[in-house]
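Observations on chain architecture
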Amino acid sequence: MLEVYHGNTLIAPVGMNLMDHASRVLQPIYTSVYSSSDIVLTIIAYAMLTGLILFWSRLVSFTKLFVSVSLIYLILSTSFFPWDIVQNSMPFLQSFLQMPSRITLIVGPFLMLSAALIYHDTARSTKSVSLHQGL
């Protein structure tokens, strides 16, 4: 059975400094890393970025678009995005968004799928027999 208490009240969200709560992904030196998954996501992101630069001409348009969206989300979750300026111009985001590092939850699967799409498109466009066997 569901019980409803009459004394319950909702508390307004707390305003937080957005820059302090940005993700540590893409930082070359890890001081105060929140989790080891940040290191794994950084490795995947750099591998994806390298593949994107090296094999841009071999990628299909869907892969280019998907990887670009992944990179936008990745930059939005980190301190590379100017969260200080956003926070000063739109103060309501302090209590609404609170922690930009939460965007990393969306970025993780996007990065993994993007890296796989880059490998798949590159393997399809090459004449290497060993890469085709991997598909």
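What you see is a predicted model, and the numbers here were worked out from it, not measured in a lab.

How each quantity is defined
Per chain, residue numbering runs from 1 following the sequence as it is written. Only residues with pLDDT of at least 70 are given local features in this predicted model, and only at 80 or more are side-chain atom pairs given and counted; all residues enter the totals for whole chains, interfaces and linings. The side-chain quantities take in all heavy atoms of the structure and omit both hydrogens and water. Starting at the N terminus, helices and strands are each numbered in turn, a helix being any DSSP run of H or I of at least four residues and a strand any DSSP run of E of at least two. The cut-offs for exposure are 20% and 50% of the maximum accessible area for each residue type, with area from a 1.4 Å probe on protein chains only; residues under the lower value are buried, those over the upper are exposed, and the others partly exposed. Whether two residues are in contact is decided by their heavy atoms: any pair within 4.5 Å suffices. Note on aromatic pairs: the rings of Phe, Tyr and Trp (six-membered ring only in Trp) are paired at centre separations within 6.5 Å, and the planes decide the class, stacked below 30 degrees, edge-to-face beyond 60, tilted for the rest. Expected helix span is taken as 1.5 Å per residue step, with the number of steps being one fewer than the number of residues. Working definition: the arc comes from the directions between the helix axis and the C-beta atoms, pointing outward to the latter. Note: pLDDT gives the predictor's confidence per residue, expressed from 0 to 100. Like charges within 9 Å and nonpolar side chains (Val, Leu, Ile, Met, Phe, Trp, Tyr) within 5 Å are joined into patches, using only residues over 30% in relative accessible area that form no salt bridge. Computed with the Shrake-Rupley method and a 1.4 Å probe, the accessible areas treat only the protein chains shown as cover for residues. Salt bridges are counted wherever a side-chain nitrogen of Lys or Arg sits within 4 Å of a carboxyl oxygen of Asp or Glu. By nonpolar core is meant a set of buried Ala, Val, Leu, Ile, Met, Phe, Trp, Tyr and Cys residues that side-chain atoms within 4.5 Å join together.

With respect to the environment of Leu-117
Relative to the helices and strands, Leu-117 resides in helix α5 (residues 104-125). Note on Leu-117: relative accessible area 18%, which makes it buried. Leu-117 sits 51 residues away from Phe-66 along the chain, and the two C-alpha atoms are 8.9 Å apart. Residues in contact with Leu-117, not counting those within four places in the same chain, are Phe-62, Thr-63 and Phe-66.

A closer look at the packing of aromatic side chains
Considering all chains together, one arrives at three aromatic pairs under this definition. Relative to Phe-110, the ring of Tyr-73 lies with its centre 5.8 Å away and its plane at 85°, an arrangement referred to as edge-to-face. Residue Tyr-73 is located in helix α2 (residues 61-77), and its partner Phe-110 is located in helix α5; the two are separated by 37 residues in the primary sequence. For Tyr-73, a relative accessible area of 31% gives the class partly exposed. Residue Phe-110 is classed as partly exposed on the basis of its relative accessible area of 25%. Aromatic rings pair up to connect Phe-62, Phe-66, Tyr-73 and Phe-110 into one cluster.

Overview of α2
A rise of 1.5 Å per residue sets the reference length of α2, with its 17 residues, at 24 Å; its end C-alpha atoms lie 25 Å apart and thus fit the reference within 8%. Every buried residue of α2 is listed here: Thr-63, Phe-66, Val-67, Ser-70, Leu-71, Leu-74 and Ser-77. Down the axis of α2, the buried side of the element spans an arc of 140°, and every buried residue falls inside it. Away from the buried face of α2 by more than 90 degrees, exposed residues Ser-61, Leu-65 and Ile-72 are located.

Regarding the confidence of the model for the protein chain
Of the residues in the protein chain, 66% have a pLDDT of 70 or more, and the chain-wide mean is 78. Considering each helix and strand of the protein chain separately, the mean pLDDT is smallest for helix α6 (residues 129-134), with a value of 61, and largest for α2, with 91.

Concerning a nonpolar patch on the surface
A cluster of nonpolar side chains, contributed by Tyr-46, Leu-49 and Ile-53, occupies part of the molecular surface with about 290 Å² of accessible area. Relative to the assigned elements, Tyr-46 resides in helix α1 (residues 37-54).

Let's talk about α5
Over its 22 residues, α5 runs 31 Å from end to end, which matches the ideal 32 Å to within 8%, given 1.5 Å per residue. Among the residues of α5, Thr-104, Val-107, Gly-108, Leu-111, Ser-114, Leu-117, Ile-118, Asp-121, Thr-122 and Ala-123 are the ones counted as buried.

A few points about the side chain of Ser-70
Position of Ser-70 relative to the elements: it lies in helix α2. Sequence-distant contacts of Ser-70, that is, excluding residues within four places in its chain, are made with Phe-110, Leu-111 and Ser-114.

Structural notes on the nonpolar core
In this structure, Met-48, Leu-52, Val-67, Leu-71, Leu-74, Leu-111 and Ile-118 are the most contacted members of the largest nonpolar core, which totals 17 residues. Secondary-structure elements contributing two or more residues to this core are α1, α2, α3 (83-89) and α5. Broken down by element, the residue count for this core peaks at five residues, all from α1. When neighbours within four sequence positions are excluded, Val-67 is seen to be in contact with Met-48, Leu-52, Ser-114 and Ile-118.

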